[in-house]
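# Topology and contacts: notes
So you can see what is in the structure, the chains are spelled out below.
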Amino acid sequence: AFDKTDFEKAKDSNADLSEADLSGAKLIYANLKNADLSGAELYDANLRGADLTDADLEDADLSGAELYDANLRGADLYDADLSGANLRGAKLYGAFLNNANLKNAYLSGADLIYAYLSGADLRGADLYGAKLIYANLESAKLRGADLYGAFLNNANLSGACLSEANLSEVLGLNIEQLSKVETLYKAKLDPELKKQVKDKYPHLLKKPKSEE
């Protein structure tokens, strides 16, 4: 349960809430701009529409948190746990999500332009229509992720695992980007792209050793 003092502080930008226990707290539309929330417990917290621009959320526990339409532009979410969190329509432009746990997170329509997602765990994540333009997804785990209709223009997919991922109707994706992925085993691809992969990089469609 959250501490009342922490809760009062959470109304201010630049607040120091590192390691604070705000689990289950209702912080709808809270101004947490530039706040230090590193290592904070925010699981199941309601941060709908909250302003977390440039906030430090490194190693924070945001599992199951409600972050619908929240502003996380430039936020530091390195190593944060966002598993099962609702980030639909969230603004994550240029956010640092390296090695973050986004397993089964809801990111449909999220703005992840220029976001850093290297090594992030996005297995089973809902990225329907998400904007991943210029996003760095190097070595990201995207097994079973739903990227239907997502924007992947100039996204870095080097070493990304896309087995069983849904890449149907994806915009801005080309064969050059796909040539650098770890695997496309059982991934859903539009017919033209699938043909190009089959012709040039057939090994990407085979079961990788890591899954044998």
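Everything numeric here is computed off the predicted structure, so don't read it as measured data. Residue indices follow the written sequence of each chain, beginning from 1 at its first position. Totals for whole chains, interfaces and linings use every residue, but because this is a predicted model, local features are given only for residues with pLDDT of at least 70 and side-chain atom pairs only at 80 or more, for both listing and counting. Excluded from the side-chain calculations are hydrogens and water; all other atoms, namely the structure's heavy atoms, are used.

## A look at the overall build of the chain
- Summing up its helical and strand segments, the chain has three helices and zero strands in all.
- Starting at the N terminus, helices and strands are each numbered in turn, a helix being any DSSP run of H or I of at least four residues and a strand any DSSP run of E of at least two. The order of helices and strands in the chain, counted from the N terminus, is α-α-α.
- A radius of gyration in this sense is built from C-alpha atoms; the matching globule rule multiplies 2.2 Å by the number of residues raised to 0.38. Expected size for 212 residues packed as a compact globule is a radius of gyration near 17 Å; at 18 Å, the chain falls within 12% of this value.
- Along the longest, intermediate and shortest principal axes, the C-alpha atoms of the chain span 60 × 30 × 20 Å.

## Regarding the nonpolar core
- The term nonpolar core refers to a set of buried residues drawn from Ala, Val, Leu, Ile, Met, Phe, Trp, Tyr and Cys, joined through side-chain atoms within 4.5 Å. Partly exposed residues are those whose accessible area sits between 20% and 50% of the maximum for their type, while under 20% is buried and over 50% is exposed, using a 1.4 Å probe and protein chains only. Leu102, Leu112, Leu117, Leu122, Leu127 and Leu147 are the most contacted members of the largest nonpolar core, which totals 73 residues.
- Any two residues whose heavy atoms approach within 4.5 Å at even a single point are treated as in contact. When near neighbours in sequence (up to four residues on either side) are disregarded, Leu112 contacts Leu92, Leu97, Leu107, Leu117, Leu127, Ala130, Lys131, Leu132, Ile133 and Ala135.

## With respect to the packing of aromatic side chains
- Any two of the Phe, Tyr and Trp rings considered here, Trp counted by its six-membered ring, make a pair once their centres fall within 6.5 Å; the pair's planes then place it as stacked at under 30 degrees, edge-to-face at over 60, or tilted in between. The final tally for this structure, using the stated rule, is four aromatic pairs.
- Measuring from centroid to centroid gives 5.0 Å for Tyr114 and Tyr134, while their planes differ by 5 degrees, and the two rings are stacked. Of this pair, Tyr114 sits in the loop between α1 (4–9) and α2 (175–178) while Tyr134 sits in the loop between α1 and α2; the two residues are 20 residues apart in sequence, bridging distant segments of the chain.
- The exposure class assigned to Tyr134 is partly exposed, which follows from its relative accessible area of 42%.
- Chaining the aromatic ring pairs together yields one cluster made of Tyr93, Tyr114 and Tyr134.
- The criterion is that NZ of a Lys, or CZ of an Arg, lies within 6 Å of the ring centre and within 35 degrees of the ring normal, and then a charge sits over that ring. Here the guanidinium or amino end of Arg73 rests over the ring plane of Tyr93, the centre of that ring lying 4.5 Å away.

## Observations concerning the environment of Ala120
- Its place among the elements puts Ala120 in the loop between α1 and α2.
- A residue is classified by how much of its surface remains accessible, and Ala120, at 0% relative accessible area, is buried.
- Sequence separation between Ala120 and Ala100 is 20 residues; the distance between their C-alpha atoms is 4.8 Å.
- In this structure Ala120 touches Leu97, Asn99, Ala100, Leu102, Ala140 and Lys141, once residues within four positions along its chain are discounted.

## Some remarks on the confidence of the model for the chain
- On average, residues of the chain carry a pLDDT of 94, and 93% of them reach 70 or more.
- A residue's pLDDT is simply how confident the predictor is in it, with values from 0 to 100. Confidence scores differ between elements of the chain, with α1 showing the lowest mean pLDDT of 53 and α2 the highest of 98.

## Considerations on the environment of Asp111
- With respect to the helices, strands and loops of the structure, Asp111 is situated in the loop between α1 and α2.
- Relative accessible area serves as the criterion here: at 17%, Asp111 is assigned to the buried category.
- Note: C-alpha distance between Asp111 and Ala130 (19 residues apart in sequence) is 6.2 Å.

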